[in-house]
Amino acid sequence: MDKILSKFNIPEYQGISLIANNGAVKNVSNNEAVRNVGDKYILKKTAHIDQCKRNISLAQQLSEKGILVPRFIPLKNGDFYTQEGDYYYSLMTKLNGKAAQIDTGDYIKKAEIIGKLVASLTLAFSNCECDVCPDTNCIHLLNDWVKREIADKSLPVSKRVLEYLDNFETLYRKLPRQINHKDLNGGNMLFDDNMVFQGFIDFDIAEIDARAYDISYILWCIIYVDEKDNPKKFHRSIEIAKCVFENYSSIVKLTADEKRAIPYLYIYIGIMVSAWISKSGNVDLAVSCAKCMEMFFDNLHYITFS
């Protein structure tokens, strides 16, 4: 690591420590790792050059638009990443924050903040350009590897859910498209202890897709609880999700088609994540995720917005 870090234009640092890697999912190879470099920097390693370029390009553009994101540190030769063997390395400033515990304390106030922040990111993305961001199609992915993984691993996704998503294609084609974060969970939005926003992180899987994807994704993250285990928590999460959406849509003026699409995208995201977890090797977790989506399919009226 010292050899790699010597290429970057930074002062001396004290210590390097591993803080995360994608081996968190069972049986996934360690393609990527994130390390603390002293207390000011983060060193990111990836096997995929396009992901590295995407993260750097979008963070730089978003920063120019006033969005709080890490700042990437140039190498001494002016580049923003370096290759060592099969891997690519980039260095960025460390954002001192953590994921918000949205369902505790004044959760409505937290929901208002998050809704407006996601809206600000959506608007900023609409003015970004990225030639290494794939232009994806949810329906094509569903009919390609997602359904195949569901069948191969016998995941508990019912025929009625798949038929519901099959009916999404015509509406999906009408939706406005732009760059999306594509993994806008709480861990990629950092706050201090007083709920002061510190920044968005991890843009390396950003893609062009339906504009409503990111707001649908964060709603999925919020409502992903089991009603049977804790009904009170489930209904609180619905209240939080509706508040997030109301504050988001007060800034991003979604079309009627986009509002109609959110339940479809919600179910699609749940099924796609189930298939991805299964493909990564953790079939037990994938089964739990799929079962949860079946429960929500029976309660879609909770996440229908007009």
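Our structure's up above, just so we're on the same page.
Residues numbered from 1 in each chain as written. Predicted model: local features only at pLDDT ≥ 70, side-chain atom pairs only at ≥ 80, totals over all residues. Heavy atoms only, no water.

Focus: the packing of aromatic side chains
Let me state the cut-off plainly: Think of it this way: a Phe, Tyr or Trp ring, Trp meaning its six-membered ring, pairs with another when their centres are within 6.5 Å, and the plane angle makes it stacked under 30 degrees, edge-to-face over 60, tilted otherwise. Going along the chain from the N terminus, every DSSP run of H or I of four or more residues is numbered as a helix, and every run of E of two or more is numbered as a strand. Accessibility here uses a 1.4 Å probe with only protein chains present; expressed as a share of the type maximum, an area under 20% marks a residue as buried, one over 50% as exposed, and anything in between as partly exposed. Two limits define a charge over a ring: the Lys NZ or Arg CZ must be within 6 Å of the ring centre, and within 35 degrees of the ring normal.
Across all of its chains, the model carries twelve aromatic pairs by this definition. Aromatic side chains Phe 125 and Phe 203 sit 6.1 Å apart centroid to centroid with 85° between the ring planes, which places their arrangement in the edge-to-face category. Placement of the pair is Phe 125 in helix 3 (residues 107-125) and Phe 203 in the loop between strand 9 (197-200) and strand 10 (207-210), with a sequence separation of 78 residues. Here Phe 203 falls in the buried class, since its relative accessible area comes to 1%. Taken together, the ring pairs connect Tyr 164, Phe 168, Tyr 172, Tyr 264 and Phe 297 into an aromatic cluster. A cation over an aromatic ring shows up here: Lys 182 above the ring of Tyr 213, its NZ or CZ 4.3 Å from the ring centre. Over the ring of Trp 145 we find Lys 279, and its NZ or CZ is 4.7 Å from the ring centre.

Some details on the pattern of salt bridges
For clarity, the cut-off: The term salt bridge refers to a side-chain nitrogen of Lys or Arg lying within 4 Å of a carboxyl oxygen of Asp or Glu.
All chains considered together, the criterion is met by 18 salt bridges. Here Glu 84 makes a salt bridge to Lys 3, at a shortest N to O gap of 3.3 Å. One end of the pair, Glu 84, is in strand 4 (residues 82-84); the other, Lys 3, is in helix 1 (residues 2-5), and 81 residues separate them in sequence. According to the relative accessible area criterion, Glu 84 is partly exposed, its value standing at 26%. For Asp 166, the salt bridge identified is with Lys 147, shortest N-O distance 2.8 Å.

Overview of the packing of helix 9 (residues 256-280) against helix 10 (residues 283-297)
Selection rule: Think of each axis as a best-fit line through the C-alpha atoms, taken over the contacting stretch in the case of a helix, with angles from 0 to 180 degrees between the N-to-C directions. For classification purposes, angles smaller than 35 degrees are called roughly parallel, those larger than 145 roughly antiparallel, those between 65 and 115 roughly perpendicular, and all remaining angles oblique. Here a crossing is taken to be left-handed if its near helix is turned anticlockwise relative to the far helix by less than a right angle, and right-handed if that turn runs clockwise. Whether two residues are in contact is decided by their heavy atoms: any pair within 4.5 Å suffices. The classification used treats Ala, Val, Leu, Ile, Met, Phe, Trp, Tyr, Cys and Pro as nonpolar, Asp, Glu, Lys and Arg as charged, and all other residues, Gly among them, as polar.
Taken N-terminus to C-terminus, the directions of helix 9 and helix 10 make an angle of 165°; their axes are 7 Å apart at the nearest point. Considering the angle they form, helix 9 stands roughly antiparallel to helix 10. The handedness of the crossing between helix 9 and helix 10 is left-handed. Residue-level contacts link Tyr 266, Ile 267, Gly 270, Ile 271, Val 273, Ser 274, Ile 277 and Ser 278 of helix 9 to Val 283, Leu 285, Ala 286, Cys 289, Ala 290, Met 293, Phe 296 and Phe 297 of helix 10. Tallied by class, residues from the contact of helix 9 with helix 10 come to 13 nonpolar, three polar and no charged.

So, the sheet that holds strand 8 (residues 189-191)
For clarity, the threshold we go by: The pairing criterion is simple: DSSP has to find at least two bridges between the two strands.
Ordered by their spatial adjacency, three strands build an open sheet running 6-8-9, and the pairing between neighbours is antiparallel. Looking at which strands have only one partner, the edges of the open sheet turn out to be strand 6 (98-99) and strand 9. Bridging between strand 8 and strand 9 involves three bridges; their strand directions are antiparallel. Looking across to strand 9, one finds that Phe 191 is bridged to Phe 197. Docked against the sheet, helix 3 engages strand 8 and strand 9, running at close to 135° with respect to strand 8.

Quick look at the packing of helix 4 (residues 138-152) against helix 5 (residues 159-166)
One way to put it is that helix 4 packs onto helix 5 with a least axis distance of 11 Å and a crossing angle of 165°. Taken together, the axes of helix 4 and helix 5 lie roughly antiparallel to each other. Of the two possible hands of crossing, helix 4 and helix 5 adopt the one that is left-handed. Taking contact as the criterion, the partners of Ile 139, Leu 142, Asn 143, Lys 147 and Ile 150 in helix 4 are, on helix 5, Leu 162, Leu 165 and Asp 166. For the contact of helix 4 with helix 5, a count of residues per class yields five nonpolar, one polar and two charged.

Describing helix 5
Applied cut-off: To be clear, the arc concerns the directions from the helix axis to the C-beta atoms.
Within helix 5, burial applies to Val 161, Leu 162, Tyr 164 and Leu 165. When helix 5 is viewed along its axis, its buried side chains cluster within an angular range of 155° and face the same direction.

Let's talk about unusual backbone geometry
Even without a glycine there, the phi angle at Ser 154 is positive, about 55°. With respect to the element layout, Ser 154 can be found in the loop between helix 4 and helix 5. Residue Ser 154 is classed as exposed on the basis of its relative accessible area, which comes to 60%. A positive phi angle is found at Met 195, which is not glycine, with a value near 65°.

Examining the side chain of Thr 82
Operational definition: We define a polar contact as two N or O atoms separated by no more than 3.5 Å, with the added condition that, inside protein, one atom must be a possible hydrogen donor and the other a possible acceptor, whereas residues neighbouring each other in sequence contribute only through side-chain atom pairs.
With respect to the helices and strands, Thr 82 occurs in strand 4. A polar contact is formed between the side chain of Thr 82 and the side chain of Lys 7, at a distance of 3.3 Å. In this structure, Thr 82 is in contact with Ile 4, Lys 7, Phe 8, Leu 75, Tyr 87, Tyr 88 and Tyr 89, ignoring residues within four places of it in sequence.

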